[in-house]
Amino acid sequence: MPVMKQMSRTYRRALVTGATGGIGGALARALPVATDLLLTGRNAEALAQLVQELARPGRRVDVVVADLGTDPGREAVAVAAEAFAIDLLICNAGQGPFGDFLDAEEPALRDTVSVNVMAPLVLLHRLLPGMLTRAAAAGRRAGVIVTSSGVAFYPVPRLATYAASKAFSLSLTEALAAELDGAPVDLLALCPTATKSHFAERSGYGPSLPGAQDPAAVARAALQALGRQRTLTLGPISGSVLTVPALVRAGMAQAISLLVRRGDGARSRRR
Ligand SMILES: NC(=O)C1=CN([C@@H]2O[C@H](COP(=O)(O)OP(=O)(O)OC[C@H]3O[C@@H](n4cnc5c(N)ncnc54)[C@H](OP(=O)(O)O)[C@@H]3O)[C@@H](O)[C@H]2O)C=CC1
Ligand SMILES: CC(=O)[C@H](N)C(=O)O
């Protein structure tokens, strides 16, 4: 694979969810100063620190403190992002408690699905129309990164709900990338394997896995891949193993999209 040093294009205004965490913070930091930022998370103090760090004269950095596990939280972020007129949507917030499924508290399972499934679903559905309209009017391309995971490709006992939620976000992003082929938007499903962040500690299985990668490297690779490929798998050991299934899945999505369009054409000719 060629070494790519620059991100594909510069966006004007980006929403980063989960900006207070390891990968989201790295994505916010990796964006060029020409990109205004709208950063979200629940931790107001961490968001204020990011504003201090990333705001510059001429660069706007706004925050929304919101719980993406709730309808009002998702609504607040969607409304703020539409008002900010984003052209880059980074759906990155996520969580996943570790442990046996039957021992888990139901609210924790629901929360995982709310944050990892409902939030990207709602934000993509609410924000893509405006992003597409603005991109077409300006003769530019919009961008979307959805942070899924390497575990989206296989079931993971003791992270069963988490892995299933990531399979959802991977499938959704791959399907939309094919469905929106030809529209002025690039979509990327970001599928890292173990990465240093607060995730492991929060999930309850302890410090980051041995060999966990640097979130800054993940963020740089994601921004470079956006517009050049639709799924990015990266990370120690399994990251490269997943490249082939990722290519097969992308090919399947594209083929199905073409077949469906051909069927649409045949149906409308028969009418
Ligand atoms: N670390 C890893 O090994 C890997 C992580 N991922 C994925 O990367 C993404 C980022 O995780 P990572 O940086 O590792 O972990 P962190 O725990 O460091 O960050 C998680 C981020 O998600 C936000 N978040 C969690 N729950 C909510 C919620 N209910 N409402 C709003 N924001 C929320 C947190 O914000 P706050 O605390 O302010 O609410 C935080 O900014 C996740 O989607 C994760 O699944 C994918 C593959 C590997
Ligand atoms: C299992 C993990 O630690 C990680 N969050 C992942 O998605 O790979």
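The preceding data block contains the structure.
Everything numeric in this text was worked out from a predicted model, so none of it was measured. (Residues numbered from 1 in each chain as written. Chains lettered and ligands numbered in written order. Predicted model: local features only at pLDDT ≥ 70, side-chain atom pairs only at ≥ 80, totals over all residues. Heavy atoms only, no water.)

Summing up its helical and strand segments, the chain has nine helices and seven strands in all. The globule rule puts the C-alpha radius of gyration for 271 residues at 18 Å, and the 18 Å found for the chain is close to it. Each principal axis of the C-alpha atoms in the chain carries an extent, and together these give about 60 × 50 × 40 Å. Put simply, the chain has 271 residues, and 47% of those count as buried. Of all intrachain contacts in the chain linking residues separated by at least 6 positions in sequence, the fraction that spans at least 24 positions is 68%. Summing over all exposed atoms, the chain offers an accessible surface of approximately 13300 Å²; the carbon and sulfur share of this is 58%. Separation between the mean location of the 29 positive side-chain charges and that of the 21 negative ones in the chain comes to 11 Å. (Helix = DSSP H or I, 4+ residues; strand = E, 2+ residues; numbered from the N terminus. Rg over C-alpha atoms; globule rule 2.2 N^0.38 Å. Buried < 20%, exposed > 50% of the residue type's maximum accessible area, 1.4 Å probe, protein only. Contact = heavy atoms within 4.5 Å. Areas by Shrake-Rupley, 256 points an atom, 1.4 Å probe, with all protein chains shown as cover. Lys, Arg positive; Asp, Glu negative; His and termini not counted. Charge placed at Lys NZ, Arg CZ, Asp CG, Glu CD.)

Our focus in this paragraph is the site of ligand 1. Near ligand 1 lie 31 residues; those nearest to it are T20, R42, Y162, S197 and R202. One of the backbone nitrogen or oxygen atoms of N92 is found 2.8 Å away from an oxygen atom of ligand 1. Bound to the protein, ligand 1 loses 97% of the 870 Å² it would expose on its own. Mapped onto the shell around ligand 1, the elements with two or more residues apiece are α1 (22-30), α5 (160-179) and α6 (199-203). For the shell around ligand 1, the per-class residue count stands at 10 nonpolar, 17 polar and four charged. (Near = heavy atom within 4 Å. Polar contact = N/O pair within 3.5 Å; in protein donor to acceptor, adjacent residues only side chain to side chain. Nonpolar A, V, L, I, M, F, W, Y, C, P; charged D, E, K, R; others polar.)

With phi around 60°, A85 is a residue other than glycine that occupies positive phi space. On the accessibility criterion, A85 (18% relative accessible area) is buried. The backbone of R158 sits at a positive phi, close to 75°, despite the residue not being glycine.

Turning our eyes to something else, we now look at the site of ligand 2. Every residue near ligand 2 is listed here: S149, V151, L159, Y162, F199 and Y205. Taking S149, its side chain carries an N or O atom lying 2.5 Å from an oxygen atom of ligand 2. Within the contact set of ligand 2, an oxygen atom lies 2.6 Å away from a side-chain nitrogen or oxygen of Y162. Considering ligand 2 on its own, with 260 Å² of exposed area, one finds that the protein chains cover 84% of that surface. Class assignment of the residues belonging to the shell around ligand 2 gives a composition of five nonpolar, one polar and no charged.

To continue, consider the sheet that holds strand β2 (residues 36-41). Pairing in this open sheet of seven strands is parallel, and the strands run β3-β2-β1-β4-β5-β6-β7 from one edge to the other. The sheet is open, and its two borders are formed by β3 (61-65) and β7 (231-234), each paired with just one other strand. Taken over all neighbouring pairs, the strand axes of this sheet differ in orientation by 15° on average, direction set aside. As paired elements, strand β6 (residues 185-192) and β7 share four bridges and run parallel to each other. The residue bridging A189 from the neighbouring strand is T231, located in β7. Where helix α3 (residues 71-84) meets the sheet, its contacts fall on β1 (13-17), β2 and β3, and the angle it forms with β2 comes to roughly 175°. (Pairing = 2+ DSSP bridges. Axes fitted to C-alpha atoms, helices over the stretch in contact; angles between N-to-C directions.)

A few words now on the packing of aromatic side chains. Counted by the stated rule, this structure contains two aromatic pairs. When the centroid spacing of 5.2 Å and the interplanar angle of 65° are considered together, the rings of F98 and Y205 count as edge-to-face. One end of the pair, F98, is in the loop between β4 (88-91) and α4 (106-138); the other, Y205, is in the loop between α6 and α7 (215-225), and 107 residues separate them in sequence. Under the relative-accessibility criterion, F98 is labelled partly exposed at 37%. (Phe/Tyr/Trp six-rings, centres within 6.5 Å; stacked < 30°, edge-to-face > 60°.)

Within the sequence span of α7, burial applies to P215, V218, A219, A222, L223, Q224 and A225. Packed against the buried residues of α7 are α1, β5 (142-147), β6 and β7. The backbone nitrogen of A216 has a side-chain oxygen 3.1 Å away, supplied by the residue at the start of α7, namely D214. Once α7 ends, the next one or two residues include G227, with phi positive near 95°.

Along the chain, Q254 turns up in helix α9 (residues 243-270). Ignoring anything within four residues of it in the chain, the contact list for Q254 reads A178, D181 and R230.

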